[in-house]
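# Observations on chain architecture
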Amino acid sequence: MKVVIEEDKCCAAGQCVAAAPDVFDQRDDDGIVVLLTVHPPDDLAEGVRDAVAMCPAVAIRVEQ
Amino acid sequence: MSVGNDGTDRVAEASATAPGRVLVVGASAAGLATVEALRRKGYEGAITVLGDEPHAPYDRPPLSKQVLSGAWEPGRAALRTAAALTALDAAFVLGDAAVGLDTATRTVRTRAGRELTADAVVIATGVRPRTLPGSAGLWGVHVLRSLDDALALRAALVPTARLVVVGEGVLGSEIAATARTLGLDVTLAGPLDAPMALQVGPVVSAALAGLHRENGVRLRFGAGVAGVTGTAGVAGTAGEHGRVTGVRLAGGEVLPADVVVVAIGAVPATEWLADSGLGLDNGVVCDSRCRAADGIYAVGDVARFHHEHLGRAVRLENRTNATEQAAAVAGTILGEDRPYVPVPYFWTDQFDAKLQIHGVIPAGAEIEVVEGDLAARRFVARFTHAGAVTGVLGWNMPKQTRLRRQDVVDAFPVTALAH
């Protein structure tokens, strides 16, 4: 699984961090998403998919 | 799907309770998220999505900002790629509106004469913007709800134009900021004292007023809007309905305008359900499982559901509710039995300010800055009402605000939240 983010779409809601804290974080200064790992291991895949689904700005996508 | 030889196949078990066909009425964020959540949870039955607009599902928050400013091509507001939609294996029926529902047979009739029947029907028809009496057909008067609305307004926003935005809520404030950034002469008008006064309380709304004023937005608050003024139309010509010339305030004063945006709230799109027998009261009335009747559910802006922690019915018009409620409804359809008890959340971007609001800020709530500095316009504030935390609000501190959300969650079950 490869995670792709579009920073300029991010609205800094932080839903992704709640869904998958090992994969996503937010920058301290402006809250924009920070990708901690581009290729998350399988045991984090479900959280990543939740993050994709819950992102209110449609800023995250997954490529196989 | 076949039953396993041992008779205990979990997938087969799920299919015994899952409906064979699901119909989602409404092809925007809440409707699409319902489909995605159903598939994510393993539903393999047939899904049909009925949408009244011709467009594939798109997102609304960018309409008043990136799409309106022209920073994004309209296609960037699409909620999913064509490939992602195809992968959902759902039938999208677009450009046709629901006009009636037979609740007993769960059959939806459409404007084009279709009859769509399903085992589970999800109502996701959203809201419609309120309009000003007497403004219908007047050239230069706009609302902003749909993608087509945004593109029409964008075309009207030439830098020499005088724009009056009627309505000082979230949408009106965002449109004023976007238009001012494009160089228009902008006036923001409404009956309250400051932008978003109902949503964020007097201290933060006063700060927002300062932000708008510094950026050159004229503020005309404390006066209701009575209507618009316009030229007389000439029958049989392009100017048949006349064009807007101004906004008339309740006291009689007229604000001159070349373009007017009316952003005075929205009403649930439930006209098509008038004869359905469903409970309609400022939205589709649902129980705490978002169920309106047997096999019929409502989701997103149109749904008024019973919130068990608040002990009353609520309807939430915000982007994250569309997704979260969709996941809840999908779970209910598939046999889960859990109440939907969200902590409301919304954000807004205006000029250089990014605001995030978790929970709610009732009238009379006390504000306490818990991080940062209000004067520096970088802070997190906590709101308390009747002794309990009801909300946290961040101004240019999104991460820090999210980390404070727990304060709301901790107090949530016992707090009576007002709108």
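Residues numbered from 1 in each chain as written. Chains lettered and ligands numbered in written order. Predicted model: local features only at pLDDT ≥ 70, side-chain atom pairs only at ≥ 80, totals over all residues. Heavy atoms only, no water.

### Quick look at the packing of helix 2 (residues 29-40) of chain B against helix 8 (residues 319-333) of chain B
All names here are of chain B.
- At a minimum axis distance of 8 Å, the contact between helix 2 and helix 8 shows a crossing angle of 40°. As the angle between them shows, helix 2 and helix 8 are arranged oblique. As helix 2 packs across helix 8, the resulting crossing turns out to be right-handed. Contact with helix 2, carried on its side by Ala29, Ala30, Ala33, Thr34, Ala37, Leu38 and Arg40, involves Arg319, Ala322, Thr323, Ala326, Ala327, Val329, Ala330 and Ile333 of helix 8 and no other residues of that element.
- Taken together, the residues that form the contact of helix 2 with helix 8 break down as eleven nonpolar, two polar and two charged. (Axes fitted to C-alpha atoms, helices over the stretch in contact; angles between N-to-C directions. Helix = DSSP H or I, 4+ residues; strand = E, 2+ residues; numbered from the N terminus. Parallel < 35°, antiparallel > 145°, perpendicular 65-115°, else oblique. Left-handed = near helix turned anticlockwise from the far one by under 90°. Contact = heavy atoms within 4.5 Å. Nonpolar A, V, L, I, M, F, W, Y, C, P; charged D, E, K, R; others polar.)

### Quick word on the domain arrangement of chain B
All names here are of chain B.
- Here chain B is partitioned into domain 1 (21-128 + 267-334), domain 2 (131-264) and domain 3 (352-416).
- The distance between the C-alpha centroids of domain 1 and domain 2 comes to 29 Å.
- Taken together, the contact pairs 17 residues of domain 1 with 15 residues of domain 2.
- Approximately 1,400 Å² of surface area, both sides summed, lies buried where domain 1 meets domain 2, with 60% of it carried by carbon and sulfur atoms.
- The largest share of the area that domain 1 buries against domain 2 comes from Leu63, Ser64 and Leu68, three residues that together contribute 38% of it.
- Counting the contacts that link domain 1 with domain 2 gives two salt bridges.
- Across the pair aspartate 301 and arginine 145 runs a salt bridge whose closest N-O atoms are separated by 3.1 Å.
- Remark: the boundary between domain 1 and domain 2 carries nine residue pairs in polar contact (both at pLDDT 80 or more).
- Here the element with the most residues in the side of domain 1 that touches domain 2 is helix 3 (residues 66-69); it accounts for three residues.
- Among the residues making up the side of domain 1 that touches domain 2, the classes are represented as seven nonpolar, five polar and five charged. (Domains from an automatic or database assignment. Buried area = accessible area lost by both parts, 1.4 Å probe. Salt bridge = Lys/Arg side-chain N within 4 Å of Asp/Glu carboxyl O. Polar contact = N/O pair within 3.5 Å; in protein donor to acceptor, adjacent residues only side chain to side chain.)

### Topic: the pattern of salt bridges
- Here the structure, examined in full by the defined rule, presents 30 salt bridges over all chains.
- Put simply, arginine 315 of chain B and glutamate 317 of chain B hold a salt bridge, and the shortest N to O gap is 3.1 Å.
- Taking the relative accessible area as the measure of exposure, glutamate 317 of chain B reaches 41% and is therefore partly exposed.
- It is possible to trace a salt-bridge network through shared partners that takes in Glu6, Asp8, Arg61 and Glu63 of chain A together with Arg76 of chain B. (Buried < 20%, exposed > 50% of the residue type's maximum accessible area, 1.4 Å probe, protein only.)

### Digging into the sheet that holds strand 13 (residues 225-230) of chain B
All names here are of chain B.
- Read from one edge of the open sheet, three strands run 13-14-15, paired in antiparallel fashion. Edge positions in the open sheet fall to strand 13 and strand 15 (254-256), since each of these has one partner strand only. Put simply, the sheet's adjacent strands are angled 25° from each other on average, direction ignored.
- Here strand 13 runs beside strand 14 (residues 244-249); their pairing, made up of five bridges, is antiparallel. Bridge assignment links glycine 230 to a residue of strand 14, and that residue is valine 244. (Pairing = 2+ DSSP bridges.)

### Here we look at the nonpolar core
Residue and element names in this part refer to chain B.
- Counting 63 residues, the largest nonpolar core has Val22, Val108, Ile123 and Ile333 as its most contacted members.
- Top element by residues in this core is helix 2. It accounts for seven residues.
- Setting aside chain neighbours within four positions, we find isoleucine 333 in contact with Pro19, Val22, Leu38, Ala120, Val122 and Tyr297.
- With 24 residues, the next largest nonpolar core counts Leu147, Ala161, Val165 and Val186 among its residues. (Core = buried A, V, L, I, M, F, W, Y, C linked by side-chain atoms within 4.5 Å.)

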